[in-house]
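Chain by chain, the residues:
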Amino acid sequence: MSISFDVAGQLFPNLTTMIVQWLSTGVLLFFVVKYLWKPARNFINKRAEYSQSQIDEANKLKEDAKALNDEAKAQIKEASITAGNIIDSAKNEGLQLKDSIVESAKMEAKSKLEEARKEIAYEKRQMQNEVKQEIVDVALAACEKLMSDKVLNEDDRKAVEEFVANSK
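Residues numbered from 1 in each chain as written. Predicted model: local features only at pLDDT ≥ 70, side-chain atom pairs only at ≥ 80, totals over all residues. Heavy atoms only, no water.

Draft legend 1. Layout of the overall build of the protein. Assigned secondary structure in the protein consists of 3 helices and 0 strands. Secondary structure of the protein in N-to-C order comes out as α-α-α. Taking all 168 residues of the protein together, 3% fall into the buried category. Accessible surface computed for the protein: about 15,600 Å², of which carbon and sulfur atoms make up 61%. (Helix = DSSP H or I, 4+ residues; strand = E, 2+ residues; numbered from the N terminus. Buried < 20%, exposed > 50% of the residue type's maximum accessible area, 1.4 Å probe, protein only. Areas by Shrake-Rupley, 256 points an atom, 1.4 Å probe, with all protein chains shown as cover.)

Draft legend 2. The packing of aromatic side chains, seen in detail. Counted under the stated rule, the structure contains 2 aromatic pairs. Their ring planes at 15 degrees and their centres at 5.9 Å tell us that Phe31 and Tyr35 sit as a pair that is stacked. One end of the pair is Phe31 and the other is Tyr35, both in helix H2 (residues 15–147) and 4 residues apart, which spans about a single turn. These aromatic residues form a ring-pair network of at least three members: Phe30, Phe31 and Tyr35. (Phe/Tyr/Trp six-rings, centres within 6.5 Å; stacked < 30°, edge-to-face > 60°.)

Draft legend 3. Looking closely at the pattern of salt bridges. On inspection of all chains with the given rule, the structure shows 1 salt bridge. Across the pair Lys60 and Asp64 runs a salt bridge whose closest N-O atoms are separated by 3.4 Å. Linking Lys60 with Asp64, this pair stays in helix H2, spanning 4 residues, or about one helical turn. Here Asp64 falls in the partly exposed class, since its relative accessible area comes to 34%. (Salt bridge = Lys/Arg side-chain N within 4 Å of Asp/Glu carboxyl O.)

Draft legend 4. Looking closely at a negative patch on the surface. On the surface, Glu154, Asp155, Asp156, Glu161 and Glu162 cluster together into a negatively charged patch. Tracing the backbone shows Glu161 in helix H3 (residues 154–166). (Patch = residues over 30% accessible without salt bridge, like charges linked within 9 Å, V, L, I, M, F, W, Y side chains within 5 Å. Lys, Arg positive; Asp, Glu negative; His and termini not counted. Charge placed at Lys NZ, Arg CZ, Asp CG, Glu CD.)

Written out as structure tokens, the structure reads:
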């Protein structure tokens, strides 16, 4: 038994088979390009445009967010300055109010002290007058006892009051 192989036939392809394969590959390539390549390419282009629009929109939103962030920072800074000014103004107003209250209290205390001094002086004069009156009464009583005569004469009373007043 012998097996024979056609080596030359196996090494070189058959021309008709090769032409048929090329033609079928061409037909397939034609249908792929006509029905699949262009729609796939259009789909990819639309997808790329959509992706690019999303990226552009995201970049625009990013820029808007950055602008809003910068604006918010500026507003915060301005609010901080305004708050500082309000605090300083309130402190100054509080100090002025404190000074005004202290000054008013000092004046009121001074007024009350002066009033108290006047009242003390008045009461002192009253007491001195009362003491003088007591001295006069005691002196008259002593004179009356010494003289054993009642002294009710107003002239005598005035003479004793003058004596007491001059004896200072």
